[in-house]
Amino acid sequence: RNLFVPPDSIRPMAFRKEDRRVVTKEELGKHTSENDCWLAIHGLVYDITGFLKEHPGGPEVVLGEAGRDASRAFEETGHSKSARQKADNYIIGWLEGHTNKRDDFTPLGDQGDETSLCCQLIILFTVIFCFALAGVGMAFLASSKHG
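Since this is a predicted model, take the numbers as computed values, not measurements. (Residues numbered from 1 in each chain as written. Predicted model: local features only at pLDDT ≥ 70, side-chain atom pairs only at ≥ 80, totals over all residues. Heavy atoms only, no water.)

A. Local environment of the overall build of the chain. For the chain, the count of helices and strands is five helices and five strands. Counting helices and strands in the order they occur from the N terminus, the chain gives β-α-β-β-β-α-α-α-β-α. In the chain, buried positions account for 31% of the 147 residues. Within the chain, counting contacts between residues at least 6 apart in sequence, those at least 24 apart form 68% of the total. With the model as given, the accessible surface of the chain reaches about 9,700 Å², and the carbon-plus-sulfur share is 59%. (Helix = DSSP H or I, 4+ residues; strand = E, 2+ residues; numbered from the N terminus. Buried < 20%, exposed > 50% of the residue type's maximum accessible area, 1.4 Å probe, protein only. Contact = heavy atoms within 4.5 Å. Areas by Shrake-Rupley, 256 points an atom, 1.4 Å probe, with all protein chains shown as cover.)

B. Representation of the pattern of salt bridges in the model. Throughout the structure, instances matching the rule amount to five salt bridges. Where Glu27 meets Arg21, a salt bridge forms, and the shortest distance between an N and an O atom there is 2.7 Å. Residue Glu75 is joined to Arg84 by a salt bridge in which the shortest nitrogen-to-oxygen separation is 2.7 Å. With relative accessibility at 22%, the residue Glu75 sits in the partly exposed group. (Salt bridge = Lys/Arg side-chain N within 4 Å of Asp/Glu carboxyl O.)

C. Up close: the sheet that holds strand 4 (residues 44–47). What the five strands build is an open sheet, ordered 1-5-4-3-2; its pairing is mixed. Each having just a single partner strand, strand 1 (21–23) and strand 2 (32–33) make up the two edges of the open sheet. (Pairing = 2+ DSSP bridges.)

D. Just the packing of aromatic side chains, in detail. Taken as a whole, this structure holds one aromatic pair when the rule is applied. Ring geometry for Phe51 against Tyr90: centres 5.7 Å apart, planes inclined by 45 degrees, an arrangement best described as tilted. One end of the pair, Phe51, is in the loop between strand 4 and helix 2 (59–63); the other, Tyr90, is in the loop between helix 4 (81–87) and strand 5 (91–95), with 39 residues separating them in the sequence. Per residue, the accessibility class of Phe51 equals that of Tyr90, and both read buried. (Phe/Tyr/Trp six-rings, centres within 6.5 Å; stacked < 30°, edge-to-face > 60°.)

E. View of the nonpolar core. Formed by 16 residues in total, the largest nonpolar core has its most connected members in Cys37, Leu39, Ile41, Tyr46, Ile48 and Val62. In terms of residue count, the dominant contributor to this core is strand 3 (residues 36–41) (three residues). Apart from the residues within four sequence positions on either side, Val62 is in contact with Cys37, Leu39, Ile48, Leu52 and His55. (Core = buried A, V, L, I, M, F, W, Y, C linked by side-chain atoms within 4.5 Å.)

F. Examining the pairing of strand 5 more closely. Of all five residues in strand 5, five are buried, a share of seventy percent or more. Two strands pair when backbone bridges link them, and strand 1 and strand 5 are joined in this way by three bridges, in the parallel orientation. Paired with Val22 across the bridge in strand 5 is Trp94. Summarising the sheet, strand 4 and strand 5 pair through three bridges and their orientation is antiparallel. Following the sheet pairing, Val45 is matched in strand 5 by Gly93.

Right, here's the structure in full:
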């Protein structure tokens with residue numbers, strides 16, 4: 001898979017930073033098909049029509065969130081930093097009425113490689129389980145030496 005991120009000079013005209021615009025929720029809601037798929041993530045609107053067939057989870061996963069705010073679904077999936085950076089290529093504007101100010105919008109690739117809460121909890125419980133298992137093992141060894 002080619003993860004090359006094209007510079008603005010060779011991106012399609014609609015995806016250049018200077019062409020981004022405010023998108024209403026009504027307009028966003030009209031783009032819900034495989035041939036015309038938009039979604040919003042953290043106040044930014046993405047036209048991911050050209051990416052649907054490449055999406056690792058398949059187009060159906062994305063189409064289920066098309067035409068609306070998909071921030072929660074995007075974060076719950078735990079996308080990697082490279083996936084966030086790739087998503088930035090598809091930004092076409094800002095969602096009208098979003099709580100962030102226009103200047104505060106940060107593309108997904110610029111948000112760092114934060115792990116989702118779900119992943120953090122899984123890691124935490126795994127570490128706790130390993131320590132508990134080690135404790136049980138040490139107790140067993142200690143009791144078998146004395147008994």
